[in-house]
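Listed here are the chains, written in short residue letters.
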Amino acid sequence: MRPALIPALSAALTVGIALIPPPSVAAKPNPNAPSEIIDSRSAAQKFGATLKEALQQAMQSGGAVNGIAVCHDKAGQIAAELSQQLGMLVGRTSLKIRNPANAPDNWELAVLKQFDARKAQGEPVDKLEFFAVIDDDQGQKTFRYMKAIPTAALCLGCHGENISPEVDAKLKALYPNDAARGFREGDLRGAFTLAKPLQ
Ligand code: HEC
């Protein structure tokens, strides 16, 4: 994406806070989180819960092979529906991706690496989040938010180190360049990524 994002990100990292809230809010001694943060947290939570529910249902009725269809067909559909409903773009990304359409842009890549570093310093994966207001060349401001996704036991059948031959065959057919394997419980699997234009 735009190289201008990187200085903005490193500035935010240096001061240890993201680029919002705006000065008027930041000046208050005990500011409430701006609505974009609250909305993003609840959107990420909703997206995760909806995906997990669809996945668990599919796996109960047909195991991991059946679950692949849900991730393949429904993950994008659920993301599109939520994006429409919430007025913000909702997606998932990772340093090791399965679907190339989920590849991180430069800002997301920097945040994923930051999450990795914070995890290495002992922060719990399920608490990792980051946000910033990004200005593009045309003066458009976008609020961007990411929330880390930990690897749970439920994920290992399709993202773990020991994938069954049936699941492996189906994954290979659908995703010839699949890199989203070899994870262990507690690893950083990826992140929810949200974007909301501000003006
Ligand atoms: C039944 C198999 C299956 C299980 C179980 C599963 N996934 Fe996936 N996962 C997939 C498939 C297939 C994709 C590709 C979806 C697509 O085409 O967008 C995927 C994609 C993802 C992505 C998007 C980034 C990428 O690699 O393309 C994330 C993040 C992710 N999974 C996290 C998880 C987590 C966390 C769990 C456990 C809670 C989990 N998955 C469980 C099959 C699975």
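So, here is what we can say about the structure in this document. (Residues numbered from 1 in each chain as written. Predicted model: local features only at pLDDT ≥ 70, side-chain atom pairs only at ≥ 80, totals over all residues. Heavy atoms only, no water.)

Concerning the pattern of salt bridges
Applying the stated criterion across every chain, the model contains eleven salt bridges. For Asp168, the salt bridge goes to Arg181, with nearest N and O atoms at 3.0 Å. Placement of Asp168 in helix α6 (residues 165–174) and of Arg181 in the loop between α6 and β4 (188–197) is noted, with a sequence separation of 13 residues between them. We classify Arg181 as partly exposed; its relative accessible area is 22%. One salt-bridge network, in which partners are shared between bridges, spans Arg98, Asp168, Lys172, Asp178 and Arg181. (Salt bridge = Lys/Arg side-chain N within 4 Å of Asp/Glu carboxyl O. Helix = DSSP H or I, 4+ residues; strand = E, 2+ residues; numbered from the N terminus. Buried < 20%, exposed > 50% of the residue type's maximum accessible area, 1.4 Å probe, protein only.)

A word on α6
By the burial criterion, the buried members of α6 are Val167, Asp168 and Leu171. End-on view of α6: buried residues confined to an arc of 100 degrees, all on one side of the axis. Across from the buried face of α6, at angles greater than 90 degrees, the exposed residues are Pro165, Glu166 and Ala173. Contact partners of the buried residues in α6: α3 (35–86) and α5 (156–159). (Arc of directions from axis to C-beta. Contact = heavy atoms within 4.5 Å.)

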